[in-house]
Amino acid sequence: MFGNKQEANKGKAWKKLAKHFRDMKDVEMRGLFRKDAQRAERYNINLDAMMLDYSKNRITDKTLSCLLDLAKESKLAEKIEAMFKGDKINMTEKRAVLHIALRNRENTPIYVDGKNVMPEVNAVLAKMRKFTEDVRLGKFVGYTGKKLTNIVNIGIGGSDLGPKMATEALRKYWAKDIQCYFISNIDGTACSEVLNKIDPECTLFVICSKTFTTIETLTNAKTCRKWLVDALGEHAVSKHFVAVSTNANEVAKFGIDTENMFEFWDFVGGRYSMWSAIGLSIALAVGMDNFEKMLDGAHEMDMHFKYTEHSKNIPVILALLSVWYNDFYNFHSNAVIPYDQYLQYVPAYLQQLVMESNGKFVSNDGEYIKYPTSAVVFGGAGTDVQHSFFQLMHQGTQIIPCDIIVPAISHNEVGEHHEILLANALAQGEALMKGKTVKEAYDEMRRAGKPKEDAKRLKKYKSFEGNRPTNTIVFKKIDPYALGMLIAMYEHKTFVEGVIWNIDSFDQMGVELGKQMALSILPELQSNASGISHDSSTINLIKTIKRLRK
Ligand code: F6P
């Protein structure tokens, strides 16, 4: 479907880039650095206490100017304005896209269908503040009067990954007596493992679901409700369950008092919702002041994104580089490596953000797309991943552009640990870029005293092609403000990619087919019923599983 037809339905700037690519495809970054002593200074952007170094990319000024033309041709400036204005840019669902309203710290009015959304946003933030303070101070207690110190977030996708990632990222800010748990998977193990660890009298369940119809979340919530009722009785429910949703009817049907519900709105996409009451678990763990600092950081990135010219705009540059690699070089993966243990869930979070947003094959004009859209995102915390998939990053036959995220200061400055970690982070970027030629590998072995024959035999194996791109994103420290900046940066990068690819980054219709089929297979597994006709493989799998479960 995609192949070499990338240029088919693209405009002038795209074609110019395709032509420029032919000049660039064999250009080596080593040479670019050698020729230009100012390269690192020119290709970096500072914003407050963060810095993006994008000099280790296969780009020249000409590349950047062509990419910026592409942004212009894609009407990026107009599209950014449309998002911030509350236009219904989620075209398929006819919805505004206003995660930026959730952290609109200047409180300027933002209208959807003629109504300013800010009073409601602020009211929910105030309700979150009151509730989280009451829980943390022991004013809102469990049914038997005990302090609620176990917070169990039940949700999946955007109702889990954001809170889980941010709560872990900010672990150093947790109240001393609070523990957070996350139940997402329908696998009964997820529920059982958490319930086995906690005391019902001290447990608050936060059920997060935008739709309140998601089978995993409702099944987990029902199991936890039964567990609580078995322990403390039906009357305890209102003291131990709160809900976060856009769907008050379903919340009430589930048996949660809507007084205990925190609202959000259909202009907030699930994967963009951690800034809303979906972040209640984060706020319970770190306190509302810290939660609002995270909103402040995101707002700073929003303002940078909205007002900074594209050539100095962090999310825009990151997105353009991503398009450059994905659509011209045909590098279809992107690794994200945070060198910070607390950021270990960032790659998982970004997988949903990026791939659910931009894994699309129909354009905003209703046409099948003939160029690659979202890259496959993966990653993990450094240095751990250096000892797993980095072999392929350095010597594999695929090239994987990579984001390296580094805090200059650790929350745990223990001995030399952080300096060793930092040295590794920087070394990976340099090694991926420079590589090591066959001759260099040979000479190095000879200098180390290896016999000629061995050095000859091993020189290719020990060489590195290099020329593998990285962005390095440096923060002073990962505090709530920095985390807000980091995540908002990736949200906007994802949006810009979607604009260039001319897709709706805010629906997720691709998740529906599997859900539908699961609903038809379920009764067949549970009884002898047979539903829609399946292929012979699925029929055989159903039979085998039923036999094994007997
Ligand atoms: O199945 C995908 C999805 O709809 C995600 O987009 C969403 O984040 C997740 O499921 C959970 O949905 P909800 O918050 O409505 O339970």
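Rules of the game
Residues numbered from 1 in each chain as written. Predicted model: local features only at pLDDT ≥ 70, side-chain atom pairs only at ≥ 80, totals over all residues. Heavy atoms only, no water. Helix = DSSP H or I, 4+ residues; strand = E, 2+ residues; numbered from the N terminus. Rg over C-alpha atoms; globule rule 2.2 N^0.38 Å. Buried < 20%, exposed > 50% of the residue type's maximum accessible area, 1.4 Å probe, protein only. Contact = heavy atoms within 4.5 Å. Areas by Shrake-Rupley, 256 points an atom, 1.4 Å probe, with all protein chains shown as cover. Lys, Arg positive; Asp, Glu negative; His and termini not counted. Charge placed at Lys NZ, Arg CZ, Asp CG, Glu CD. Phe/Tyr/Trp six-rings, centres within 6.5 Å; stacked < 30°, edge-to-face > 60°. Near = heavy atom within 4 Å. Polar contact = N/O pair within 3.5 Å; in protein donor to acceptor, adjacent residues only side chain to side chain. Nonpolar A, V, L, I, M, F, W, Y, C, P; charged D, E, K, R; others polar. Expected span 1.5 Å × (residues − 1). Salt bridge = Lys/Arg side-chain N within 4 Å of Asp/Glu carboxyl O. Pairing = 2+ DSSP bridges. Right-handed = clockwise from strand over helix to strand, strands pointing away. Axes fitted to C-alpha atoms, helices over the stretch in contact; angles between N-to-C directions. Parallel < 35°, antiparallel > 145°, perpendicular 65-115°, else oblique. Patch = residues over 30% accessible without salt bridge, like charges linked within 9 Å, V, L, I, M, F, W, Y side chains within 5 Å.

S.K.: Describe the overall build of the chain, listing the residues and the values that go with them.
M.R.: For the chain, the helix and strand inventory stands at 22 helices and 13 strands. Expected size for 550 residues packed as a compact globule is a radius of gyration near 24 Å; at 25 Å, the chain falls within 12% of this value. Within the chain, buried positions represent 52% of all 550 residues. A separation of at least 24 residues holds for 74% of the contacts in the chain among residues at least 6 apart in sequence. Carbon and sulfur atoms provide 52% of the accessible area of the chain, an area that totals close to 25,100 Å². Averaged over its 72 positive side-chain charges, the chain has a centre that lies 5 Å from the centre of its 66 negative ones.

S.K.: Kindly report on the packing of aromatic side chains, identifying the contributing residues and their values.
M.R.: For the structure on display, the rule yields 23 aromatic pairs. Ring geometry for phenylalanine 378 against phenylalanine 389: centres 5.0 Å apart, planes inclined by 70°, an arrangement best described as edge-to-face. Of this pair, phenylalanine 378 sits in strand S11 (residues 376–379) while phenylalanine 389 is found in the loop between S11 and helix H16 (390–395), placing the two residues 11 residues apart along the sequence. Among the residues examined, phenylalanine 389 registers a relative accessible area of 21% and is labelled partly exposed. Three or more aromatic residues joined by ring pairs make a cluster, and in this case those are Trp14, Phe21, Trp324, Tyr325, Phe328, Tyr329, Phe331 and Tyr371.

S.K.: Which residues make up the site of the ligand, and what values do they have?
M.R.: In the vicinity of the ligand there are 13 residues, among which Ser159, Ser209, Thr211, Thr214 and Glu356 approach most closely. Residue serine 159 places a side-chain N or O atom 2.7 Å away from an oxygen atom belonging to the ligand. Interatomic distance of 2.7 Å between a backbone N/O atom of lysine 210 and an oxygen atom of the ligand. For the ligand, whose unbound accessible area comes to 390 Å², protein coverage reaches 88%. Residue composition of the shell around the ligand, by class: 2 nonpolar, 8 polar and 3 charged.

S.K.: Mind laying out the environment of lysine 439, listing which residues take part and the relevant values?
M.R.: Tracing the backbone through its elements, the reader meets lysine 439 in helix H18 (residues 438–447). On a C-alpha basis, the gap between lysine 439 and serine 505 in space is 47 Å, while along the polypeptide they are 66 residues apart. For lysine 439, the side chain forms a polar contact with the side chain of aspartate 443, separated by 2.7 Å.

S.K.: Please give an account of helix H1 (residues 12–24) that cites residues and values.
M.R.: Here H1 spans 18 Å end to end across 13 residues, near enough to the 18 Å set by a 1.5 Å rise per residue. By the burial criterion, the buried members of H1 are Ala13, Trp14, Leu17, Ala18, His20, Phe21 and Met24. For H1, the secondary structure elements touched by its buried residues are helix H4 (61–73), helix H14 (314–329) and helix H20 (480–501).

S.K.: So what about the environment of aspartate 266? Which residues, and what values?
M.R.: Its location among the elements puts aspartate 266 in the loop between strand S9 (261–263) and helix H12 (280–286). By relative accessible area, which is 43% here, aspartate 266 ends up partly exposed. Along the sequence, aspartate 266 and isoleucine 369 sit 103 residues apart, while their C-alpha atoms lie 27 Å from each other.

S.K.: Run through the pattern of salt bridges, naming residues and quoting values.
M.R.: Pairs can form between side chains of opposite charge whenever their charged atoms are close. Tallying each qualifying case throughout the model produces 33 salt bridges. Of the charged contacts, one joins arginine 105 and aspartate 296 as a salt bridge, the two residues approaching to 2.7 Å between their closest N and O atoms. With a gap of 191 residues between them, arginine 105 in the loop between helix H5 (76–85) and strand S3 (111–112) and aspartate 296 in helix H13 (residues 288–307) connect regions that are remote in the sequence. On the basis of relative accessibility, which here comes to 31%, the residue arginine 105 falls in the partly exposed class. Measuring nitrogen to oxygen at the nearest pair gives 3.5 Å for the salt bridge that ties glutamate 201 to lysine 146. Of this pair, glutamate 201 sits in the loop between helix H8 (188–195) and strand S7 (203–208) while lysine 146 sits in the loop between helix H6 (118–136) and strand S5 (150–154), placing them 55 residues apart in sequence.

S.K.: Tell me what's going on with the pairing of strand S8 (residues 241–245), and back it up with residues and numbers.
M.R.: Taking burial as the measure, the 5 residues of S8 include 5 buried ones, the bulk of the element. As judged from the 4 bridges shared by S7 and S8, these two strands associate in the parallel manner. Of the residues in S8, the one forming a bridge with cysteine 208 is valine 244. In the classification by handedness, the crossover that spans S8, the intervening helix H11 (residues 248–254) and the parallel S9 is right-handed.

S.K.: Break down the packing of H6 against H13 for me, citing the residues and quoting the values.
M.R.: For any two helices packed against each other, the geometry is given by the interaxial angle and the distance between the axes. Where H6 meets H13, the closest approach of the two axes is 10 Å, and the angle between their N-to-C directions is 150°. With respect to H13, the axis of H6 lies roughly antiparallel. Contacts between H6 and H13 involve Leu125, Met128, Arg129 and Thr132 on the former and, on the latter, Met288, Asp289, Phe291, Glu292 and Leu295. Taken together, the residues of the contact of H6 with H13 sort by class into 5 nonpolar, 1 polar and 3 charged.

S.K.: Please give an account of the side chain of histidine 304 that cites residues and values.
M.R.: Looking at the element boundaries, histidine 304 is found in helix H13. Given the relative accessible area of 8%, histidine 304 is considered buried. A distance of 2.8 Å separates a polar side-chain atom of histidine 304 from the backbone nitrogen of isoleucine 314.

S.K.: How would you sum up the side chain of arginine 58? Please name residues and give values.
M.R.: Position of arginine 58 relative to the elements: it lies in the loop between strand S2 (50–53) and H4. A polar atom in the side chain of arginine 58 sits 2.9 Å from the backbone oxygen of asparagine 467. If near-sequence neighbours (up to four positions away) are discounted, arginine 58 is found in contact with Met24, Lys25, Val27, Met29, Thr63, Trp324, Tyr325, Tyr329, Phe331, Ile399 and Asn467.

S.K.: Quick one: what's the story with a positive patch on the surface, residue by residue and with numbers?
M.R.: Side chains of Lys172, Lys176, Lys476 and Lys477 sit close together on the surface and give a patch of like positive charge. Assignment of secondary structure puts lysine 172 in the loop between helix H7 (161–169) and strand S6 (179–183). With a relative accessible area of 43%, lysine 172 lands in the partly exposed category.

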